[in-house]
Amino acid sequence: MSIIVENLTKCYGKQKAVDQISFHANPGEVLGFLGPNGAGKSTTMKVLTGYIPQTSGKVSICSLSLEESPLEIKKKIGYLPENNPLYHDMYVKEFLDFIADLHQISQKKERIAEVIGITGLGPEQNKKIGDLSKGYKQRVGIAQAIIHNPEVLILDEPTSGLDPNQLIEVRSLIRELGKTKTVILSTHIMQEVEAICQQVVIINKGKIVANDSLANLLAMHNETSIEPIFVKLTKVDSSG
């Protein structure tokens, strides 16, 4: 298993954003990490990538402890944050060259050309990032996340705000990347999970309320779509 999370807790003051959650993700599959807004999805992603420390619990990535080997783990992870921070005044190729230097990539030109091909950025590679459509900006975000060929890819809301054509293209790209990497896809869009993911974890109010394969979840709840399952498991009880 590439990612093992055990009893992970993250507190902000007295508030528990994530409350003793446990799950694992395997190579060659895409795990959908689902939850309503404020459920703890982005906090979990930030802990897994070493961006913020956990309050308690254990995280193991590629057989390394996050507490003991944070720098080694960061080399093995590609991360696309929810807000996809990019340098809009830089050109696409220039930006990827900059990121490749940060990762000290050998045969840099060849790797940049390869990643541009994988992400379909060829027609836009000589444009300023600020002039790109939302879909192509997401591709640049994915390109920077995979340029160092990480074993693990963590994508936080990678398809939000895309039009239908862009959705199909980015979904296809993530699905392809999931064949050779361990991918965690954090989202609140049900269609993304059904289109891309094999495994599903649903988090609500900081706690995991479902953790199974997509097929098993649908069969267990006698549903053909994940949406009614999600609603049932995350619905706020307004009675009383």
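Predicted, not measured: the structure shown is a model, and the values here were computed from it.

### Comments concerning the sheet that holds strand 2 (residues 15-25)
Phase 1: Spatial strand order, 2-1-4-5: 4 strands in an open sheet with antiparallel pairing. Both edges of this open sheet fall to strand 2 and strand 5 (64-65), since each of them pairs with a single strand only.
Phase 2: Here strand 1 (residues 3-12) runs beside strand 4 (residues 56-61); their pairing, made up of 5 bridges, is antiparallel. Bridge pairing links isoleucine 4 to serine 60 in strand 4.
Phase 3: The strands that helix 1 (residues 41-48) touches are strand 1, strand 2 and strand 4; relative to strand 2, the one it contacts most, it runs at about 65°.

### Topic: the sheet that holds strand 7 (residues 152-156)
Phase 1: Pairing is mixed across the open sheet formed by 6 strands, whose spatial order is 6-7-8-3-9-10. Every other strand in the sheet has two partners, leaving strand 6 (77-80) and strand 10 (207-213) as the edge strands with one partner each. Across the sheet, the mean angle from the axis of one strand to that of its neighbour is 15°, orientation sign disregarded.
Phase 2: Of the strands in this sheet, strand 3 (29-34), strand 6, strand 7, strand 8 (182-187) and strand 9 (199-204) are in contact with helix 1, which crosses strand 8 at around 150°.
Phase 3: Sitting on the sheet, helix 9 (residues 226-234) touches strand 3, strand 9 and strand 10, and the angle it makes with strand 9 is about 30°.

### Notes on the packing of helix 3 (residues 92-102) against helix 5 (residues 134-146)
Phase 1: The contact between helix 3 and helix 5 brings their axes to 9 Å, and the two run at 25°. In this view, helix 3 runs roughly parallel relative to helix 5, as classed from their interaxial angle. Here helix 3 and helix 5 pass one another in a crossing that is right-handed. Residues Val92, Phe95, Leu96 and Ile99 of helix 3 form the contact with helix 5, whose own contacting residues are Val140, Ala143 and Gln144.

### A closer look at the packing of aromatic side chains
Phase 1: Applying the stated criterion across every chain, the model contains 3 aromatic pairs.
Phase 2: Judged by centre distance (5.3 Å) and plane angle (40°), the ring pair of phenylalanine 23 and phenylalanine 33 falls under tilted. One end of the pair, phenylalanine 23, is in strand 2; the other, phenylalanine 33, is in strand 3, and 10 residues separate them in sequence. For the pair shown, phenylalanine 23 and phenylalanine 33 are each scored as buried.
Phase 3: Pairing tyrosine 87 with phenylalanine 98 gives two aromatic rings, centres 5.9 Å apart and planes at 80°, and the pair type is edge-to-face. Highlighted residues: tyrosine 87 in the loop between strand 6 and helix 3 and phenylalanine 98 in helix 3, separated in sequence by 11 residues.
Phase 4: An aromatic cluster is present here, built from Tyr87, Phe95 and Phe98 joined pairwise through their rings.

### Section: the side chain of arginine 171
Phase 1: With respect to the helices and strands, arginine 171 occurs in helix 6 (residues 164-177).
Phase 2: The class of arginine 171 is buried, set by a relative accessible area of 17%.
Phase 3: Of the polar contacts made by the side chain of arginine 171, one reaches the side chain of glutamate 192; its length is 2.9 Å.
Phase 4: With residues near it in sequence (within four places) discarded, arginine 171 still touches Gln191, Glu192, Ala195 and Ile196.

### Description of the pattern of salt bridges
Phase 1: All told, the structure shown has 11 salt bridges when counted by the stated rule.
Phase 2: Between lysine 108 and aspartate 97 there is a salt bridge, with its nearest N and O atoms 3.1 Å apart. One end of the pair, lysine 108, is in helix 4 (residues 108-119); the other, aspartate 97, is in helix 3, with 11 residues separating them in the sequence.
Phase 3: Aspartate 97 sits in the partly exposed class, given a relative accessible area of 28%.
Phase 4: Ionic pairing is found between aspartate 101 and lysine 108, a salt bridge with its closest N-O pair at 2.9 Å.
Phase 5: Take aspartate 101: its relative accessible area is 45%, and that puts it in the partly exposed class.
Phase 6: Looking at lysine 108, the relative accessible area reads 22%, which means it is partly exposed.

Criteria and cut-off values
- Residues numbered from 1 in each chain as written.
- Predicted model: local features only at pLDDT ≥ 70, side-chain atom pairs only at ≥ 80, totals over all residues.
- Heavy atoms only, no water.
- Pairing = 2+ DSSP bridges.
- Helix = DSSP H or I, 4+ residues; strand = E, 2+ residues; numbered from the N terminus.
- Contact = heavy atoms within 4.5 Å.
- Axes fitted to C-alpha atoms, helices over the stretch in contact; angles between N-to-C directions.
- Parallel < 35°, antiparallel > 145°, perpendicular 65-115°, else oblique.
- Left-handed = near helix turned anticlockwise from the far one by under 90°.
- Phe/Tyr/Trp six-rings, centres within 6.5 Å; stacked < 30°, edge-to-face > 60°.
- Buried < 20%, exposed > 50% of the residue type's maximum accessible area, 1.4 Å probe, protein only.
- Polar contact = N/O pair within 3.5 Å; in protein donor to acceptor, adjacent residues only side chain to side chain.
- Salt bridge = Lys/Arg side-chain N within 4 Å of Asp/Glu carboxyl O.

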